[in-house]
Amino acid sequence: MDPDAPEFLKKENAGKKSVLPKGELPHKAVSEQFATSQFFKQTKVYPEWDLPSVTPAYNLMVVKKELQKTEKILEEKRKENKQYRDLLDSEWATLRQKQKEVMESFPNHQTFIIENEKKRERAEHVIKVEKEKQEKFDSSINELKEKIKESLKIRDVMQSYVDQYKIYEDYLKSVVESLPEFNSIREVIDRYRTLISVERELEERKGAEVAAMEGYRKSMVELTVSKSQEMMVLNNKLIELQSSHERASNQLNWFQDMLSVIDANASRLFVEHSIVKAAILNLFKELCKFKRLHHISVKENDYEAQLKFIKTSYQELLKIANIAKAQEVSDEQSIMANLSFDSN
């Protein structure tokens, strides 16, 4: 029987006889059998003088002998295997029966286990709640203890301050006793705090005024710089304007000179124009007299019509002159012809 087998198998198979040696495992027996068969299969090596003569009959005999041994061993192993298989089947049947019994009794045990589990959970919950309450109480107690310790420390510190400032209290009492305007130490302290607050206000006001003055100074410097820059720009513009003014003055003088020249030319041309108009009018009148035209529809200031009339009269006179000249030439030719005829 396997020493590692379950206890119930050991108890059931206690009276049964095992086919294996005591304390030997099946796989060990199989391995030994395999080693034995391999040993018999090995060919022994004999010295050359002890070797039998190798013949087919000898080989056949050796093979038959080995076959018989192997069949005998195989038969024994088959018997052992059958016995071991029967043992395993009986053990499996026992296990199945016990498993069935356990499964049949399982619902009752399951109900009992569930109830116990619920009771255990309730008990654990109650224990947990009580433990939490206890922890809260312990933490509250510890906090109170810490607060008491802190309060005691504060009390000790305050007491040390009281002892330290006792001399100042005595001094303030002496001040109250010596000055009738103070009735208690509180009034002295209030007066001191008032003076301190007034001093702080004055310092803050002074700081604000100094900051304002600094700001004004910076603004003045910036304004001075900006105005200086503006003055430089304006000076440059003034210089440019002065140069422009000089150029404009020079141009004005030149234009005035040109205007004087133009006025002189205009006066001269006006005089000439007046003379021409008078000459045109006189020539027009003379032509009218020459042509004996007493009633002509031309105004005295209509010089264009007068010029047209003069032009027409000039053309007529030019034609008359040409005709007269041609007549004179023809007369001279006839005279010359007559003279030449008379001389002949």
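Owing to the predicted nature of the structure, the values given are computational and were not obtained by experimental measurement. (Residues numbered from 1 in each chain as written. Predicted model: local features only at pLDDT ≥ 70, side-chain atom pairs only at ≥ 80, totals over all residues. Heavy atoms only, no water.)

This part covers a negative patch on the surface. A cluster of acidic side chains, namely Glu199, Glu201, Glu203 and Glu204, defines a negative patch on the protein surface. Along the polypeptide, Glu203 turns up in helix H5 (residues 185-291). (Patch = residues over 30% accessible without salt bridge, like charges linked within 9 Å, V, L, I, M, F, W, Y side chains within 5 Å. Areas by Shrake-Rupley, 256 points an atom, 1.4 Å probe, with all protein chains shown as cover. Salt bridge = Lys/Arg side-chain N within 4 Å of Asp/Glu carboxyl O. Lys, Arg positive; Asp, Glu negative; His and termini not counted. Charge placed at Lys NZ, Arg CZ, Asp CG, Glu CD. Helix = DSSP H or I, 4+ residues; strand = E, 2+ residues; numbered from the N terminus.)

Moving on, we get to the UniProt feature "coiled-coil region" (unreviewed entry) in the protein. UniProt records the feature "coiled-coil region" (unreviewed entry) for residues 60-87 in the present numbering. The span residues 60-87 shows a helical share of 100% and a strand share of 0%, and its end C-alpha atoms are spaced 40 Å apart. (UniProt positions renumbered as here; feature names shortened; annotations may be inferred.)

Over its 13 residues, helix H4 (residues 166-178) runs 18 Å from end to end, which matches the ideal 18 Å to within 8%, given 1.5 Å per residue. Those residues of H4 that fall on the buried side of the exposure criterion are Leu172, Val175 and Val176. Angularly, the buried residues of H4 cover 100° about the axis, an arc narrow enough to put them on a single face. Residues Ile167, Tyr171, Glu177 and Ser178 are exposed on H4 and point more than 90 degrees away from its buried face. Buried residues along H4 sit against H5. (Expected span 1.5 Å × (residues − 1). Buried < 20%, exposed > 50% of the residue type's maximum accessible area, 1.4 Å probe, protein only. Arc of directions from axis to C-beta. Contact = heavy atoms within 4.5 Å.)

This model, assessed by the stated rule, comprises 10 salt bridges. The partner of Lys77 in a salt bridge is Glu80, and the shortest N-O contact between them spans 3.6 Å. One end of the pair is Lys77 and the other is Glu80, both in helix H3 (residues 56-164) and 3 residues apart, which spans about a single turn. Judged by relative accessible area, Lys77 falls into the partly exposed class, the value being 26%. Residue Arg217 is joined to Glu214 by a salt bridge in which the shortest nitrogen-to-oxygen separation is 2.4 Å. Of this pair, Arg217 and Glu214 are both found in helix H5, 3 residues apart, which corresponds to roughly one turn of the helix. The class for Arg217 is partly exposed, based on a relative accessible area of 46%.

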